[in-house]
Amino acid sequence: MTHPHSSPSAADRRVIIRTVRLKKQYVMKDVVTEALRGVDVEIFSGEFISVMGPSGSGKSTFFNMIGALDSPSTGRVFIDEVDVAQLTAEELAYLRCQKIGYIFQSYDLIQYMTALENVTTPMAFGGVATDEARKRGMRLLDTVGLGDRWSHRPIEMSGGQQQRIAIARSLANEPSILLCDEPTANLDLNTGQEILDLLERLNQEEKVTIICATHDHRMMNICDRLMWVRDGQIERVARRNEVQVEVGTIDGE
């Protein structure tokens, strides 16, 4: 049986992320805030998903849950059909290091390291030998168009270049899932488009599953499905061709 949030054309593909009755509550003194209120969703291997919603909608909380960065109050998160809650601390660290790549809007690069050192740092945690790490790092820098800037530090680079380094770093251990939190938020329009083009290419050529939390409506041009989060719930899921984009408006939002 096809899940209500999956698309018919995706029904025969492997589910890579699945949430079941996912809830998250934050308690401060006597105030209980329900950030997620029973989210059921399936994401398929190789999909490009855009998660959209206003600030405070629960979008970031959902993002942290499926990225194994936070634990639900109730409900379950499965990654490759493994219940994340059942993993030991060591297994969870392995999952975050090997299966999931993270890209943040603030880049989060280590300022005193070169581009190559930033990219290869996760490989050290993944047990990759130094020579292999260097080769893989240079290959990734070439992939994002910065092979000639390998010895430069973040302060010597533009925002767009820093985000490219962050993308290369996220791919260090050849993850199957890439989580992007507002990857174009701090970039000008042209540079943001270059980052979107790069993510699209990685999805199509490397078959990486990409999930972007974003306010950037241009993401609609490249994603397979859009998920709208509102008041802690998945309000709507639509395939790209079901969403009509007009100047200043988006049908169905």
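Structure's up top.
It should be emphasised that the depicted structure is a prediction, and the values quoted were computed from it without experimental measurement.

(A) Representation of the nonpolar core within the structure. Among the nonpolar cores identified, the biggest contains 41 residues, and Phe48, Ile165, Ile167, Leu178, Leu199 and Ile210 are the most heavily contacted of them. Among the elements of the structure, β3 (48–52), α3 (115–125), α4 (130–143), α5 (159–170), β7 (177–181), α6 (189–206), β8 (209–213) and β9 (225–230) are those that each provide at least two residues to this core. At five residues, the largest contribution of residues to this core is made by α6. Setting aside chain neighbours within four positions, we find Leu199 in contact with Phe48, Ile103, Ile167, Leu178, Cys180, Pro183, Ile210 and Cys212. The next biggest cluster of nonpolar side chains, apart from the first, holds 28 residues, and it includes Val41, Ile43, Ile100 and Leu179.

(B) A look at the pattern of salt bridges. Inspection of every chain in the model, using the stated rule, returns 11 salt bridges. Among the ionic pairs, Arg14 bridges to Asp80, the shortest N-O distance being 2.4 Å. Of this pair, Arg14 sits in the segment before β1 (15–28) while Asp80 sits in the loop between β4 (74–79) and β5 (82–83); the two residues are 66 residues apart in sequence, bridging distant segments of the chain. Under the relative-accessibility criterion, Asp80 is labelled partly exposed at 23%. Across the pair Arg164 and Glu194 runs a salt bridge whose closest N-O atoms are separated by 3.5 Å. Of this pair, Arg164 sits in helix α5 while Glu194 sits in helix α6; the two residues are 30 residues apart in sequence, bridging distant segments of the chain.

(C) Structural detail: the pairing of β1. As judged from the 11 bridges shared by β1 and strand β2 (residues 31–44), these two strands associate in the antiparallel manner. Bridge pairing links Val15 to Phe44 in β2. Between the antiparallel neighbours β1 and β2 lie two residues, among them Lys29 with a positive phi of about 60°. Bridge count for β1 against β4 is five bridges, and the pairing is antiparallel. When the sheet's bridge partners are listed, Arg18 is paired in β4 with Phe78.

(D) Layout of the side chain of Thr114. Following the sequence through the fold, Thr114 ends up in the loop between β6 (100–104) and α3. For Thr114, a relative accessible area of 10% translates into the label buried. Every residue in contact with Thr114, bar those within four places of it in the chain, is listed here: Trp150, Ser151, His152 and Arg153.

(E) The arrangement of the sheet that holds β6 in detail. Here we have six strands laid out as an open sheet, ordered β6-β7-β8-β3-β9-β10, and mixed in their pairing. What marks the edges here is a single partner per strand, and that holds for β6 and β10 (233–239). Each strand axis lies, on average, 15° off the axis of its neighbour in the sheet, ignoring direction. Of the strand pairs in this sheet, β9 and β10 are connected by six bridges, and their pairing is antiparallel. Among the inter-strand pairings, Val229 is bridged to a residue of β10, identified as Ile234. Running over the sheet, α5 touches β6 and β7 and is turned about 165° from β6.

(F) Representation of the sheet that holds β1 within the structure. Spatial ordering of the open sheet is given by β2-β1-β4-β5, a layout of four strands whose pairing is antiparallel. The sheet terminates laterally at β2 and β5, the two strands that pair on one side only. The pairing of β4 with β5 spans two bridges and is antiparallel. Within β5, the residue paired with Ile79 across the bridge is Val82. Together, β1, β2 and β4 form the strand contacts of helix α1 (residues 59–66), whose direction differs from that of β1 by roughly 125°.

(G) Seen up close, α3. Among all positions in α3, only Ala115, Leu116, Asn118, Val119, Thr120, Pro122 and Met123 are buried. Gly127 sits one or two residues past α3 and shows a positive phi near 80°.

(H) Geometry of helix α2 (residues 89–98). All of the buried residues along α2 are Leu92, Leu95 and Gln98. Each buried residue of α2 lies within a common arc of 150° when the element is viewed along its axis, so the set occupies one face. Residues of α2 that are exposed and point more than 90 degrees away from the buried face comprise Ala89, Glu90 and Tyr94. Next to the buried residues of α2 lie β4 and β6.

What counts as what
- Note on numbering: residues in each chain are counted from 1, in written sequence order.
- Per-residue local features are limited, in this predicted model, to residues with pLDDT of at least 70; the limit for side-chain atom pairs, both in listing and counting, is 80 or more; totals at the level of whole chains, interfaces and linings are taken over all residues.
- Here the side-chain values reflect all heavy atoms present in the structure, with hydrogen atoms and water set aside.
- Each nonpolar core is a collection of buried residues, namely Ala, Val, Leu, Ile, Met, Phe, Trp, Tyr and Cys, held together in the definition by side-chain atoms within 4.5 Å.
- Only protein chains enter the calculation, and the probe is 1.4 Å; a residue is then buried if its accessible area is under 20% of its type maximum, exposed if over 50%, and partly exposed in between.
- The numbering of helices and of strands both runs from the N terminus, where a helix is a DSSP run of H or I of at least 4 residues and a strand a run of E of at least 2.
- Should any heavy atoms of two residues lie within 4.5 Å, those residues are considered in contact.
- Criterion for a salt bridge: a side-chain nitrogen of Lys or Arg within 4 Å of a carboxyl oxygen of Asp or Glu.
- Being paired, for any two strands, means DSSP has found at least two bridges between them.
- An axis is simply a line fitted to the C-alpha atoms; with a helix, the fit covers only the stretch in contact. Between two such axes, the angle follows the N-to-C directions and lies from 0 to 180 degrees.
- Taking the helix axis as origin, the arc is that swept by the directions to the C-beta atoms.

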